[in-house]
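Geometric and topological summary
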Amino acid sequence: MKIVISTVGDTDPIRAFHDGSLLHIVRKYRPDKVIILHSERTVERNDRITQAIQSISEDYHPEIFPHPSVFPNSEVFLFDVMYDQIWKILQEYLNTGDEFILNLSSGTPQMKAALFILNRLNDINVRAVQVVNPTNSSNEGCGHDNEEDIDELIETNEDNRPDFVDRTVEDQSEKFKQSILKRTARTLIENHDYKAALKVIHQMASTDQLKRVREELSNLVSSLDIQDVPKRLAKRKLGETEKKVLNAYLTIDLQVKRGNVMECFIRTKSLAEFMLEDYIQRHYPQELQGIEEDEPKYLTIWDFRKILKKRQEWKLLKQIKPILDLNESRNAVAHSLNPLKEEDVKLLRVAQKSLKDLIQDWYPFERKLFAFYDDMNKLLLEDLSWD
């Protein structure tokens, strides 16, 4: 039995009068079965995809099976999660002796990277296929057709004919492999997913430029894993406290960009407490002397709030109010196990701005350092731009 396994992207099933990747692979290879891996966002499109596949030919009727495991929207941009979940699903089928075809062109960059690397790392006996865009260009700026009438999309689909132009490319040549790997690594770096990018880079042919990229990524990944200061930031002429504060803020900003909102709630409170203790130690050290003589104790943001009230630091208390509000919201979510609301995310944005304002007021370093990870991305992408 021939089986196609595919995630789903915004081009599926039909976009801009042409097959999306999933539909095009099915049209080319005519599998007996199509296993579709949906996210919460795409599962509602399953009927449209089914209808499009059934329109290929009157005498072609494959089994279309949407896998019951649906990826949460919050996880589809997390490479490690996608890698583990997709590998678990693949293992359900790969020992059956059937012929398998993997779609490398549908889904989020993390989904496509997971499928590509799983195929390479585990040496599984499948055909991995990419579908070239019909215009030989990016999909950027091309609107989605997901709300259009599916019957009309099928009727106007220029690929829906016996002499369609085959846009599939099988992952067989080393040049193709390197091209896909490089493109995948660049996309992951642009999305600040350095750990996933590093895994992709390890599969690429070694060059001097690639060695630099690998070393830089390795340092970023290890630094983020253990909350250490990246080597390029550590070389800056900053005091140890300034380095710690800036690095902690940059990590929060990075997690916000990645969409790991809940982790940012915890990190924001921790950084605020570190900064407030540093502020009070410099301006009112006597307030901490009695506490330090007691057995070791970690002061909380509420302890620092009491000290600031005692010292009538009304302006500072107003500045940290968004952080206090964020902490209350975080506690409510943690104790109720309820999901975050849009208001909580807005609170995080306000609290993050308050943190940044305090850092700028208290610590004398170049403001361009707030763009540290954006600058790192430019450096990495430049070394990945060779032909």
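Above this note sits the structure.
The paragraphs below set out a description of the structure included in this document. (Residues numbered from 1 in each chain as written. Predicted model: local features only at pLDDT ≥ 70, side-chain atom pairs only at ≥ 80, totals over all residues. Heavy atoms only, no water.)

1. Focus: the pairing of strand β7 (residues 126–131)
As a reminder of what qualifies: Residue exposure (1.4 Å probe, protein chains only): buried if accessible area is under 20% of the type maximum, exposed if over 50%, otherwise partly exposed. Here a strand is any run of E in DSSP of at least two residues, a helix any run of H or I of at least four, and the numbering for each starts at the N terminus. Two strands are counted as paired when DSSP detects at least two bridges linking them.
With five of six residues buried, β7 lies mostly within the body of the structure. Sheet topology note: the strand β6 (residues 99–103)/β7 ladder contains four bridges and is parallel. If you follow L102 over to β7, its bridge partner there is A128. Relative to strand β8 (residues 168–170), β7 is paired through three bridges, and the arrangement is antiparallel. If you follow Q130 over to β8, its bridge partner there is V169.

2. A word on the packing of helix α8 (residues 208–226) against helix α16 (residues 372–383)
Inclusion rule: Convention adopted: a line fitted to C-alpha atoms gives each axis, helices being fitted over their contacting stretch, and angles between N-to-C directions are expressed from 0 to 180 degrees. Roughly parallel means an angle under 35 degrees; roughly antiparallel means over 145; roughly perpendicular covers 65 to 115; every other angle is labelled oblique. Two helices cross in a left-handed way if the nearer one is turned anticlockwise from the farther one by less than a right angle. They cross in a right-handed way if the turn is clockwise. Pairs of residues are marked as contacts when any of their non-hydrogen atoms sit within 4.5 Å. For this classification, the nonpolar set comprises Ala, Val, Leu, Ile, Met, Phe, Trp, Tyr, Cys and Pro, the charged set comprises Asp, Glu, Lys and Arg, and every other residue, Gly included, is treated as polar.
Put simply, α8 and α16 touch, their axes get as near as 9 Å, and they point 150 degrees apart. Relative to α16, the element α8 is oriented roughly antiparallel. Relative to α16, α8 is oriented so that their crossing is left-handed. Across from Q209, R212, V213, E216, L217, L220 and L224 in α8, the residues of α16 making contact are F372, Y373, M376, L379, L380 and D383. In the contact of α8 with α16, the residues fall into nine nonpolar, one polar and three charged.

3. Regarding unusual backbone geometry
Looking along the chain, the bond that leaves D12 and enters P13 is cis, with omega of 0 degrees. Position of P13 relative to the elements: it lies in the loop between β1 (2–7) and β2 (14–15). Here A16, not a glycine, exhibits a phi torsion of approximately 55 degrees, which is positive. Here A16 shows up in the loop between β2 and β3 (18–19). For Q312, which is not a glycine, the phi torsion comes out positive at approximately 55 degrees. You can call Q312 exposed: its relative accessible area is 56%.

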